[in-house]
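Summary of structural features
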Amino acid sequence: MTTVDLDLPAGVEPTPLALLLLGRQRDPDSERGVDCPGDLPPASDPTLVARARAAKAALGDRLFVLGHHYQRDEVIEFADVTGDSFKLAQQAAARPDAEFIVFCGVHFMAESADILTGPEQAVILPDLGAGCSMADMATFDQVEECWAVLSDAGVADATVPVSYMNSSAAIKGFTGRHGGTICTSSNAKRAMEWAFGKGEKVLFLPDQHLGRNTAVRELGLTLDDCVVYNPHRPKGGLTPEQLQAATVILWKGHCSVHGRFTAESVADVRARIPGVNVLVHPECTYEVAMAADLVGSTDFIIRTLDAAPAGSSWAIGTELNLVKRLAKLHPDKTVVFLEKTVCFCATMNRIDLPHLVWSLEQLVAGNVPNRITVEPETARYARQALDQMLALP
Ligand code: SF4
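Everything in this summary refers to the structure shown in the same document. Treat the numbers as computed from the prediction; the structure is a model and nothing was measured. (Residues numbered from 1 in each chain as written. Predicted model: local features only at pLDDT ≥ 70, side-chain atom pairs only at ≥ 80, totals over all residues.)

In this section: the sheet that holds strand 2 (residues 81–83). Within the open sheet, the 4 strands sit side by side as 2-1-3-4. Their pairing is parallel. Among the strands making up the open sheet, the edge pair consists of strand 2 and strand 4 (122–124). Strand after strand, the sheet turns through a mean of 20° between neighbouring axes, direction not considered. Bridging between strand 3 (residues 100–104) and strand 4 involves 3 bridges; their strand directions are parallel. Bridge assignment links V102 to a residue of strand 4, and that residue is I124. Its contacts with the sheet place helix 4 (residues 107–116) against strand 1 (63–68), strand 3 and strand 4, and it is angled at close to 155° to strand 3. The strands touched by helix 15 (residues 353–364) are strand 1, strand 3 and strand 4; relative to strand 3, the strand with the most contacts, the crossing angle is about 175°. (Pairing = 2+ DSSP bridges. Helix = DSSP H or I, 4+ residues; strand = E, 2+ residues; numbered from the N terminus. Axes fitted to C-alpha atoms, helices over the stretch in contact; angles between N-to-C directions. Contact = placed C-beta atoms within 7 Å.)

Counting 112 residues, the largest nonpolar core has I101, F103, A113, V280 and I316 as the members making the most contacts within it. I316 has contacts with L279, I301, V323, L326, V335, F337 and L338, leaving out every residue within four places of it along the chain. (Core = buried A, V, L, I, M, F, W, Y, C linked by C-beta atoms within 7 Å. Buried ≥ 20, exposed ≤ 12 C-beta atoms within 10 Å, placed from the backbone.)

Of all the 5 residues making up strand 7 (residues 201–205), 5 are buried; the element is thus mostly covered by neighbouring parts of the structure. Neither face of strand 7 is exposed, since K201, L203 and L205 on one face and V202 and F204 on the opposite face are all buried. The pairing of strand 7 with strand 9 (residues 248–251) spans 3 bridges and is parallel. Bridged to F204 within strand 9 is L250.

Right, dumping it as structure tokens:
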């Protein structure tokens, strides 16, 4: 890895593996293809807000800006709609007249928006470096290999894939091709129930924690009913007998943000804040979910805080930008972040005001930057899996 532009004291050499500070500098080796042609304004530019407003005004109804709940406040300010990944994809689909959809979120979300919008609409991701570590944990080749392992064990025909929205278009396409469904953290229970009406086993991709929390906490299965398929081990690290005995085959993937919360942090916050309610996202581990008072999707977390009485105390286990925003929105309640360490989603934070201004000004100038497109065959099957989710009872 080569790092550049590190602002180090004289005589201090960066180590070859130095991590980049969030939102600063770039690594041209690992960030191939994420250059911003033209000038990316510096974050210190005092005219950024005015430039973003002017570009939005110039584009008018041709432009629709979507902002995920985990985005920075400076970006959310310019979003026409905010929401979770599914709501934003639906919103994109509901705006067939918008020529440009600027998606302030991460790559898999922009892919879903492209799948659900018309071919004449361009979906733009302001920084192509905004990926998702969880989605990257299940590649198409790995999942195809897994299906071959399931076939060899004689269980593929009895297995229905259920893939979390937080997966690449290729994985969504795989899911549609094998008769499965997409799910979100709001409807994972219904998706799994539907799958068990169709087959005997579920292959849940790519978040093992959401899969386990849904199967065990919500459907009443046991931990022993679940096995974890590790794509980095031969045959997933499982024997044919283990696959035959399992009811749920969990992919070994996780969210690098929600996976950091621990049961110790739950105990710690309970000791610090008497009477606190611990509310966590189901991408947290099973141990954290079991230690919490409430578990639910981003939307559930927002609604729960809205309905909470004044004077109540809440420790929230989800992305920090959202928790900070909730704390600001509810000054009559105590809202704290569950962990002691900082826990932003690094890739979500790649979308900042300079990248937003850059992409909007490129559009004003007649260029379409960072367009996200999904190859038609993949899009067709992915759409089947997404439509199946929409049709869930
Ligand atoms: S919060 Fe987790 S699942 Fe969401 S984009 Fe970031 S890494 Fe991916």
